[in-house]
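# Descriptive structure summary
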Amino acid sequence: MEKMKDLAYYNGTVTRIADMMIPAGDRGFYFGDGIYEVAMVFHRKIFALEEHLDRMERSAAMVRIELPMVRREIGDLLQELADRVESDCQFLYWQITRGTAPRNHLFPAGTASNLYVYSKPWPGVEMSDDYRLVSVTDTRFLNCNIKTLNLLLNVLAAQTAKENGCQEAVFVRDGIVTEGSHSNVSMIKDGVFITHPADNLILPGVERRHMIAYCGELGIPVEERPFTLEELKGADEIIMSSTSHPSMRVREIDGVAVGMKDAATVEKLRKMYLYEVEKRGQ
Ligand code: PDD
């Protein structure tokens, strides 16, 4: 089969991303009534696929959306689609919405959920030592553990970051740092890895969990506990993590120099990640 530069899939139809047409009655369009996942493809294999499928199932269950096919079929389909893209390294996105029907808040009867997937080439593992953050008040709802399509406040926070010459925003709720607009925030202080508990105030990031596991293997103590913006600013290192940007080292928050004091620990965590990518690709 001829490979494509990039690819989109919607309920069985495959096109280039720019050519995909989605019916306006898809409830993702007017209610954001759906959930999504992002995974990386390295060496043609979907990195941490099972963890992403776990979270997909949890998100769908929390908003009472039925999967359009069983989990295993979704996993197999995602890999098949990734195999049709030219690049070995890809950014793979998929979303599941609550069917297609005339606009009505009530769940539509007798319509299956919709699966939309796209995959595009990605340059490789993205890491940075040059991240700047701006703090913003976290006024999001109290179900941030659901990976819902409803990202309006995350979008606004990301834009605020850009307009302040920063790469990411960091949300602060009632004095407590929760997460970034599209990443988790963790810090290292006196050799301890500290990150917000995986409760309803943050998205339980796959990369956050990987870092906790790497710490376990490296003998780095981990504390999953709330911390303030002041504590964050006083940390030895601050790392923003997400699937597409697994280790972004922060050097400035709200215009003040922070972190960058424990390069050795950051390096160890990055090596673990890169080792995983290579190992799983074999
Ligand atoms: N963002 N918190 C939020 C609000 C996120 O949107 C993300 C991911 C994360 C990190 O999760 P993970 O390590 O599983 O990627 C935390 C994705 C990549 C996005 O929306 O593009």
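Note that the structure is a prediction, hence the values are computed from the model and not measured.

## Looking at the domain arrangement of the chain
When its domains are assigned, the chain resolves into domain 1 (7-121) and domain 2 (131-281). Inter-centroid distance (C-alpha atoms) of domain 1 to domain 2 is 26 Å. In this assembly, 26 residues from domain 1 lie in contact with 22 residues from domain 2. Where domain 1 abuts domain 2, roughly 2,100 Å² becomes buried across the two surfaces, and 61% of that area is made up of carbon and sulfur atoms. Three residues stand out in domain 1 for area buried against domain 2, namely Tyr36, Phe47 and Arg55, and they jointly supply 32% of the buried area on that side. If you look at where domain 1 meets domain 2, you find one salt bridge. Residues Arg209 and Glu51 are paired through a salt bridge, measuring 3.8 Å at the closest nitrogen-oxygen approach. At the surface where domain 1 touches domain 2, the tally comes to seven residue pairs in polar contact (both at pLDDT 80 or more). For the side of domain 1 that touches domain 2, the secondary structure elements donating two or more residues are helix 1 (27-31), strand 3 (34-42), helix 2 (49-62) and strand 5 (90-97). For the side of domain 1 that touches domain 2, the leading source of residues is strand 3, giving eight residues. Its residues assigned to classes, the side of domain 1 that touches domain 2 comprises 13 nonpolar, eight polar and five charged.

## Observations regarding the pattern of salt bridges
Under the definition given, this model contains 26 salt bridges. One salt bridge in this structure joins Asp130 and Arg251, with 2.4 Å as the shortest N-O distance. Of this pair, Asp130 sits in strand 7 (residues 127-137) while Arg251 sits in strand 14 (residues 247-253); the two residues are 121 residues apart in sequence, bridging distant segments of the chain. Exposure remark for Arg251: the relative accessible area of 30% places this residue in the partly exposed category. Salt bridges sharing partners connect three or more residues here, namely Glu50, Asp54, Glu57, Arg71, Arg72 and Asp76.

## Points about the environment of Leu7
With respect to the element layout, Leu7 can be found in strand 1 (residues 7-10). Take Leu7: its relative accessible area is 0%, and that puts it in the buried class. Residues in contact with Leu7, not counting those within four places in the same chain, are Val14, Thr15, Ile17, Leu81, Arg84, Val85, Val117, Tyr118 and Ser119.

## Section: the site of the ligand
By nearness alone, 18 residues border the ligand, and Tyr36, Arg55, Glu179, Val206 and Thr243 come closest of all. With respect to the ligand, the side chain of Arg55 contributes an N or O atom lying 2.7 Å from an oxygen atom. Contacts to the ligand include Thr243, whose side-chain N or O atom sits 2.7 Å from an oxygen atom. Here the ligand has 470 Å² of accessible area as a free molecule, and 90% of this is covered by the chains. In this structure, the ligand is accommodated by the largest pocket. Elements with a minimum of two residues in the shell around the ligand: strand 3, strand 9 (176-180) and helix 5 (206-218). Within the shell around the ligand, the residues separate by chemical class into four nonpolar, ten polar and four charged. Of the residues that make up the shell around the ligand, three or more belong to each of domain 1 (7-121) and domain 2 (131-281).

## Description of the packing of helix 2 against helix 3 (residues 71-83)
Here helix 2 crosses helix 3 at 130°, and the two axes come no closer than 11 Å. On the basis of their axis angle, the class for helix 2 and helix 3 is oblique. As helix 2 runs across helix 3, the sense of the crossing is right-handed. Residues Leu49, Glu50, Leu53, Asp54, Met56 and Glu57 of helix 2 form the contact with helix 3, whose own contacting residues are Arg71, Arg72, Ile74, Gly75 and Leu78. Across the contact of helix 2 with helix 3, the residue classes tally to five nonpolar, one polar and five charged.

## Quick word on the layout of surface pockets
For the largest pocket, the calculated volume is near 840 Å³. Those elements giving two or more residues to the lining of the largest pocket turn out to be strand 3, strand 5, helix 4 (152-163), strand 9 and helix 5. The element that contributes the greatest number of residues to the lining of the largest pocket is helix 4, accounting for five residues. Residues belonging to the lining of the largest pocket are distributed by class as follows: 16 nonpolar, 14 polar and five charged. Residue contributions to the lining of the largest pocket reach at least three from each of two domains, namely domain 1 (7-121) and domain 2 (131-281). Empty space within the second largest pocket amounts to approximately 180 Å³. Residue lining of the second largest pocket: 13 residues in total, with Glu66, Arg98, Pro108, Thr111 and Ser113 positioned closest to the centre.

The rules behind these values
Residues numbered from 1 in each chain as written. Predicted model: local features only at pLDDT ≥ 70, side-chain atom pairs only at ≥ 80, totals over all residues. Heavy atoms only, no water. Domains from an automatic or database assignment. Contact = heavy atoms within 4.5 Å. Buried area = accessible area lost by both parts, 1.4 Å probe. Salt bridge = Lys/Arg side-chain N within 4 Å of Asp/Glu carboxyl O. Polar contact = N/O pair within 3.5 Å; in protein donor to acceptor, adjacent residues only side chain to side chain. Helix = DSSP H or I, 4+ residues; strand = E, 2+ residues; numbered from the N terminus. Nonpolar A, V, L, I, M, F, W, Y, C, P; charged D, E, K, R; others polar. Buried < 20%, exposed > 50% of the residue type's maximum accessible area, 1.4 Å probe, protein only. Near = heavy atom within 4 Å. Areas by Shrake-Rupley, 256 points an atom, 1.4 Å probe, with all protein chains shown as cover. 1 Å grid on protein atoms, 1.4 Å probe; cavity = no way out; pocket = protein on both sides within 12 Å on 5 of 7 lines; lining within 4 Å. Sits in = over half its atoms within 2 Å of the grid points. Axes fitted to C-alpha atoms, helices over the stretch in contact; angles between N-to-C directions. Parallel < 35°, antiparallel > 145°, perpendicular 65-115°, else oblique. Left-handed = near helix turned anticlockwise from the far one by under 90°. Points joined across faces, edges and corners; volume = space filled by probe spheres on them.

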